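Examination of the molecular architecture
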Amino acid sequence: MRIQIVAVGTKMPNWVNTGVDEFIRRFPSDMPVSFTEIPAGKRGKNADIKRILEKEGEQMLAAIPKGNRIVTLEVTGKPWDTPTLAKQLDNWKMDGRDVSLLIGGPEGLAPECIAASEQKWSLSALTLPHPLVRIILTESLYRAWSVTQNHPYHRE
Ligand SMILES: C[S@@+](CC[C@H](N)C(=O)[O-])C[C@H]1O[C@@H](n2cnc3c(N)ncnc32)[C@H](O)[C@@H]1O
């Protein structure tokens with residue numbers, strides 16, 4: 001199963017890319033994790049935010065291979081603890097499809113992306129900055145994968 005993370009924003013600071021790479025590189029070859037970055041629309045003074053969100057949403061959906069399970073990262077989504085996320089990983093694997101996880105930009109995700117998602121996942125009740133979401137997401141996925149493998153990274 002492949003995991004694709006589709007995220008708005010292309011110019012992340014080095015500390016974000018370093019943090020994300022630290023976890024991505026640990027995944028095994030039968031569960032590779034990749035990032036697809038979608039350029040954020042220009043948010044000038046009189047920007048049409050609705051149109052910008054729509055365009056970001058169109059680009060996100062266009063970047064997802066047909067048939068993938070779409071899961072959106074949303075503050076109001078389901079809070080999964082690590083054992084639950086590990087079960088999700090196993091269920092996704094059994095389902096046989098690849099998974100695309102969507103992270104929105106400053107105003108969140110386009111309604112079209114939310115409508116296309118099969119599952120909505122909340123990392124915290126707090127609204128997190130999207131660069132930080134990338135790191136927390138990749139670490140959480142790695143921790144959950146380690147649970148599925150009885151790997152000592154995660155300890156109860
Ligand atoms: C800065 S937040 C967007 C905030 C926006 N006002 C909203 O309500 O979605 C950018 C993106 O990070 C992700 N995000 C932020 N906090 C999150 C959380 N606690 N759980 C899951 N995803 C989160 C979401 O994908 C969101 O679209």
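The name that an unreviewed UniProt entry assigns to the chain is Ribosomal RNA large subunit methyltransferase H, with the source organism given as Alteromonas marina. The record held by UniProt for the chain lists under Subunit (unreviewed entry) the comment "Homodimer." Turning to the chain, the UniProt record has this under Subcellular location (unreviewed entry): "Cytoplasm".

Below, the discussion takes up the site of the ligand. The full set close to the ligand counts 19 residues, and L73, L123, S124, L126 and L128 are the nearest of them. Take L73: an N or O atom from its main chain is 2.6 Å from an oxygen atom of the ligand. Within the backbone of L128, one N or O atom sits 2.9 Å away from a nitrogen atom of the ligand. Within the complex, 80% of the 560 Å² of free accessible area of the ligand lies under protein. Breaking the shell around the ligand down by element, the ones donating at least two residues are β3 (69-79), β5 (119-122) and α5 (130-148). The element that contributes the greatest number of residues to the shell around the ligand is β3, accounting for three residues. Among the residues forming the shell around the ligand, the class breakdown is ten nonpolar, seven polar and two charged.

Right, let's talk about the sheet that holds strand β1 (residues 3-8) for a bit. The pairing of strands in a sheet happens through backbone hydrogen bonds and is either parallel or antiparallel. Strand order in this open sheet of five strands is β2-β1-β4-β3-β5, and the pairing throughout is parallel. Looking along the sheet, the strands with just one partner apiece sit at the ends: β2 (33-38) and β5. Averaged over neighbouring strand pairs, the angle between their axes works out to 30° when direction is ignored. The pairing of β1 with strand β4 (residues 99-103) spans five bridges and is classified as parallel. In the sheet register, Q4 faces β4, and the bridge partner there is S100. Packed onto the sheet, α5 meets β1, β2, β3, β4 and β5 and runs at close to 170° relative to β1.

How each quantity is defined
Residues numbered from 1 in each chain as written. Predicted model: local features only at pLDDT ≥ 70, side-chain atom pairs only at ≥ 80, totals over all residues. Heavy atoms only, no water. UniProt positions renumbered as here; feature names shortened; annotations may be inferred. Near = heavy atom within 4 Å. Polar contact = N/O pair within 3.5 Å; in protein donor to acceptor, adjacent residues only side chain to side chain. Areas by Shrake-Rupley, 256 points an atom, 1.4 Å probe, with all protein chains shown as cover. Helix = DSSP H or I, 4+ residues; strand = E, 2+ residues; numbered from the N terminus. Nonpolar A, V, L, I, M, F, W, Y, C, P; charged D, E, K, R; others polar. Pairing = 2+ DSSP bridges. Axes fitted to C-alpha atoms, helices over the stretch in contact; angles between N-to-C directions. Contact = heavy atoms within 4.5 Å.

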